[in-house]
Number of protein chains: 4
Amino acid sequence: MPFIWPSRVRFADTDASQRIHFTAMLRHFEAAEIEFLRSLGLLRKDASVSAVNFPRVHVECTYTSMVQYDDLLNIAVRVERVGNSSYKLAFEAKVEERLVAQGFVTVVCVDTSSGRARPLPPELAEALKKSREAEGE
Amino acid sequence: MPFIWPSRVRFADTDASQRIHFTAMLRHFEAAEIEFLRSLGLLRKDASVSAVNFPRVHVECTYTSMVQYDDLLNIAVRVERVGNSSYKLAFEAKVEERLVAQGFVTVVCVDTSSGRARPLPPELAEALKKSREAEGE
Amino acid sequence: MPFIWPSRVRFADTDASQRIHFTAMLRHFEAAEIEFLRSLGLLRKDASVSAVNFPRVHVECTYTSMVQYDDLLNIAVRVERVGNSSYKLAFEAKVEERLVAQGFVTVVCVDTSSGRARPLPPELAEALKKSREAEGE
Amino acid sequence: MPFIWPSRVRFADTDASQRIHFTAMLRHFEAAEIEFLRSLGLLRKDASVSAVNFPRVHVECTYTSMVQYDDLLNIAVRVERVGNSSYKLAFEAKVEERLVAQGFVTVVCVDTSSGRARPLPPELAEALKKSREAEGE
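Below, the structure is looked at part by part.

So, how was this worked out
Residues numbered from 1 in each chain as written. Chains lettered and ligands numbered in written order. Predicted model: local features only at pLDDT ≥ 70, side-chain atom pairs only at ≥ 80, totals over all residues. Heavy atoms only, no water. Helix = DSSP H or I, 4+ residues; strand = E, 2+ residues; numbered from the N terminus. Rg over C-alpha atoms; globule rule 2.2 N^0.38 Å. Buried < 20%, exposed > 50% of the residue type's maximum accessible area, 1.4 Å probe, protein only. Contact = heavy atoms within 4.5 Å. Buried area = accessible area lost by both parts, 1.4 Å probe. Salt bridge = Lys/Arg side-chain N within 4 Å of Asp/Glu carboxyl O. Polar contact = N/O pair within 3.5 Å; in protein donor to acceptor, adjacent residues only side chain to side chain. Nonpolar A, V, L, I, M, F, W, Y, C, P; charged D, E, K, R; others polar. Pairing = 2+ DSSP bridges. Least-squares fit on C-alpha atoms with pLDDT ≥ 70 in both. Expected span 1.5 Å × (residues − 1).

1. Focus on the overall build of chain A
In terms of regular secondary structure, chain A is built from two helices and seven strands. Shown N-terminal to C-terminal, the secondary structure of chain A runs as helices and strands in the order β-α-β-β-β-β-β-β-α. By the compact-globule yardstick of 14 Å for 137 residues, chain A fits well, its C-alpha radius of gyration being 16 Å. Across its three principal axes, chain A shows a C-alpha extent of roughly 45 × 35 × 20 Å. In chain A, buried positions account for 58% of the 137 residues. A separation of at least 24 residues holds for 65% of the contacts in chain A among residues at least 6 apart in sequence.

This is the structure:
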C-alpha cells in the first residue's frame, strides 16, 4: 500500500569497500521522494526557478545490511509529519525482503528571494496530509 | 532497433547552472552500458570481485543541448569496436527528439591480480561482435 | 583546539537550487574524517583491502544555513563516543563564523570475510579515546 | 612552471573496482580548472547567477594508470586554445611521477537568458591568451 520506488544500485554508487557508498543511498532516497511527489500530482520540475525552494534541513539514515553493485533497492516512502513550513518523509529500503536502510528527510519551504521559511504551498500540504492519513497514521 | 535505456535526470545530477552536471551524463551512460550488457546476457554483477576487471581507458562526450532536472534521457548504446582486449561503445542521449549528448567509452579487460591487459572473455567478445553486426555495421 | 579541516565547495557539489547538494556536505565530512584519522596517525589507506572494514551504520546532518559554490567549509571533527566495535564522530561545518551544518557519523568495525562486527583495532580505539579526553569531555 | 593543483582522491571517489571512478577524475579536473582560473584573477564565484554561463561542450579523458583511494593527484592545467566564444583546457594528472590521466575540456560562453553562445568576456579571453603564451606555445 505504501508508495514504493525501485532503484538500481549503479557502479558509480559503490566505493572501494565494494558496497554502496553511504551518500549514494541518500541520492536513491531523493529519487524516491521525487517519484512519490509525482505520484501525488506534485511535480516539482520547476522548483529550482520558482518563488519557493525546498532545501533539506535534516537528514538521517541507518544502514542495517550490506548493499552491493546492481542490487535493486525497493524504497518505500511515507509522510512522517506535515508542519506549517516543513514536512518530514520516512524511507525504508529493501533488497528483496531484506531491510538495508531506513532514513528520514525534513524539507523546509523557503522564499527564494529572502531565504526565509514560509508556509508550504496549500496543495502540497494538503496532498501530503491526505497521503499520511491514507496510510492510517 | 538500437538498444535504448531511459534514465531520469535527478536533482543530485544538476549543478548551480541549473543544468545537468557534465559528469552526471557519464554516470547515466554507465547505467545504459550495464543495461545494454544485461540485454546481451552479460551480467557483470560479479565483475568487481572476479579475476578480470574492466576499467575505462578513454572517455569522451560532446554536449549539444541543455539538459535539466527531471528530463528523461533516452540513451542509445551501440558497439563501436571490439578489439582483442578492449571494446568501445557509442552513446547517444536524446530528450524527446532533441539530441543532447554523444559519447564514447573504451573499456579494457585487465587481469585483476597483475593489473595488465588480457584478452576479452570469449563470450563477451562474441556477444559484442554479434550486436555490432546486427546493427549492420 | 579541535581538529579543523578546510574543504572547498566545488561546482560539482552544487545543485539547481544554487546551494550545495545535501549529500555533498557528507562527502566533505568524509574527507574531514579521513584527515582527522591521519592527524592521529591512523592512516586508513589500506582499509579497503584489509581484514577489517569500516562501514557507516548511522549518519545524520542538520543544515542550518545556506552554502554556495566556492564557499570554504571549515569542518571541526571530534570524537563523540568510542564503543567496543564502533565509534561516533561529530562534525561542525562553518563558513567564516557562520555555522552551516552539524552532523554525526557512526562507524562500525566489521570482519571483511564474515561481514560481522568485531572489536575496534586497539590502536584505533586508544587513539580515539585519547582524542576524546584531550577535548576535555 | 605550469599551474599544478594537488587534489586528494577521497573514498567517495572510488568504486567497487577499488580504483577511482572515471567520473571522479573529471571532478578533480574541475577543481583544478577553478583554481587555475583563480590563479589568473578570474574568480568565477558568481558565474551561476550572472548574465553569462560556461557550460562544457566537450570533455575527454585518457586513463593511463591505476589511481586508488588517498592517492594525491597533482593536476597540471594549461590553456590549449582560446576561441571567440570558447576555450579549451588541457589537464595532466600525476601520482608522484606517474602519469595517470590526461584530458581536455572545452568550455563555451553562453548568454544565460538566450542560451546562445556569445563572445568570451574580454578579461577572460586576454588572461587565458596570456597564460597560453607564457607557456611558450
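2. Digging into the interface of chain C and chain A
Facing 20 residues of chain C, the contacting portion of chain A comprises 20 residues. Of the roughly 1,900 Å² buried where chain C meets chain A, counting both sides, 57% is carbon and sulfur surface. At the surface where chain C touches chain A, the tally comes to zero salt bridges. For the pair chain C and chain A, the interface holds twelve residue pairs in polar contact (both at pLDDT 80 or more). Counting only elements with at least two residues in the side of chain C that touches chain A, the list comes to helix 1 (22-39) and strand 3 (56-63) of chain C. Among the residues forming the side of chain C that touches chain A, the class breakdown is eight nonpolar, seven polar and five charged. When strand 3 (residues 56-63) of chain A meets strand 3 of chain C, the two strands line up antiparallel, connected through five bridges. Along strand 3 of chain C, the bridge assignment pairs Glu60(A) with Glu60(C).

3. Quick word on the pairing of strand 5 (residues 86-95) of chain D
Residue and element names in this part refer to chain D. Along strand 5, eight of the ten residues are buried, which leaves the element largely enclosed by surrounding structure. Pairing between strand 4 (residues 72-82) and strand 5: nine bridges, direction antiparallel. Considered in strand 5, the bridge of isoleucine 75 is made with alanine 93. Counted between consecutive antiparallel strands, the loop separating strand 4 from strand 5 contains three residues.

4. A word on the relation of the copies chain A and chain B
Overlaying chain A on chain B yields an RMSD of 0.0 Å, the required transformation being a rotation through 180° with an accompanying axial translation of 0.0 Å. Taken together, the rotation and translation describe the operation of a two-fold axis. Residues of chain A ranked by C-alpha distance from the rotation axis are headed by Ser7(A), positioned 5.5 Å from it. Looking at chain A, 100% of its interface residues are interface residues in chain B too, so the copies touch through the same face.

5. Things to note about the interface of chain A and chain B
In this assembly, 20 residues from chain A lie in contact with 20 residues from chain B. Carbon and sulfur atoms supply 46% of the area that chain A and chain B bury against each other, a total of about 1,900 Å² over both sides. The interface formed by chain A and chain B includes four salt bridges. Between Arg10(A) and Glu35(B) there is a salt bridge, and its shortest N-O distance comes to 2.9 Å. Our count for the chain A to chain B interface comes out at six residue pairs in polar contact (both at pLDDT 80 or more).

6. Some words on the relation of the copies chain C and chain A
In the superposition of chain C on chain A (RMSD 0.0 Å, axial shift 0.0 Å), the rotation amounts to 180°. Interface overlap between copies: 100% of the residues of chain C at the interface are likewise at the interface in chain A, consistent with a symmetric, same-surface contact.

7. Notes on helix 2 (residues 122-134) of chain D
Residue and element names in this part refer to chain D. With 13 residues, helix 2 ought to run about 18 Å at 1.5 Å a step, and its terminal C-alpha atoms sit 18 Å apart, in line with that. For helix 2, every residue scored as buried is listed here: Leu124, Ala125, Ala127, Leu128 and Ser131. Of the surrounding secondary structure, the elements contacted by the buried residues of helix 2 are helix 1 (22-39), strand 4 and strand 5. After helix 2 finishes, the residue glycine 136 shows a positive phi value of roughly 75°.

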